[in-house]
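# Geometric and topological summary
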Amino acid sequence: MKVELDLDRDVLYIRVKDEAVKGLIKMSEDLYLELSESGSVVGIQLRNARKHVVEGIAQRIKRMIEESGGPEEAKEKTGDA
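Figured I'd write up the structure that's included with this text.

Cut-offs used in this document
Residues numbered from 1 in each chain as written. Predicted model: local features only at pLDDT ≥ 70, side-chain atom pairs only at ≥ 80, totals over all residues. Heavy atoms only, no water. Pairing = 2+ DSSP bridges. Helix = DSSP H or I, 4+ residues; strand = E, 2+ residues; numbered from the N terminus. Axes fitted to C-alpha atoms, helices over the stretch in contact; angles between N-to-C directions. Contact = heavy atoms within 4.5 Å. Buried < 20%, exposed > 50% of the residue type's maximum accessible area, 1.4 Å probe, protein only.

### Points about the sheet that holds strand 4 (residues 31-35)
Strand order across the open sheet formed by five strands is 1-2-5-4-3, with antiparallel pairing between neighbours. Both outer strands of the open sheet, strand 1 (2-6) and strand 3 (23-26), are each paired with one neighbouring strand and no more. Between one strand axis and the next, the sheet turns through 20° on average, direction left out of account. By the bridge criterion, four bridges tie strand 3 to strand 4 in an arrangement that is antiparallel. Each residue of the ladder has a partner; that of Leu24, found in strand 4, is Glu34. The sheet contacts of helix 1 (residues 49-68) involve strand 1, strand 2 (11-15) and strand 5 (41-47), and relative to strand 5 the element is tilted by about 80°.

### Some remarks on unusual backbone geometry
Positive phi values are uncommon outside glycine, yet Asp10 reaches one of about 60°. On the secondary structure map, Asp10 appears in the loop between strand 1 and strand 2. We classify Asp10 as buried; its relative accessible area is 15%. With a phi close to 55°, Asn48 is a non-glycine residue in the positive phi region.

Just geometry here; none of it tells us what the structure is for.
Encoded structure:
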């Protein structure tokens, strides 16, 4: 598997097979499957990658803070209060 982020085009490419791409299937507004000539999936394209990656990371951090009891509880545990 190979992962590549093209910042100029704002696309995250995930290659699962080393075969030529002959077609695309649109799964959602920004998610496409790359297909080989035989129709098997050889890759994934995530367009507007910055938006999706940053939003995903932000949501994960928020969830971790909420699950830990919030920033005030974290300060108490580390003695920074």
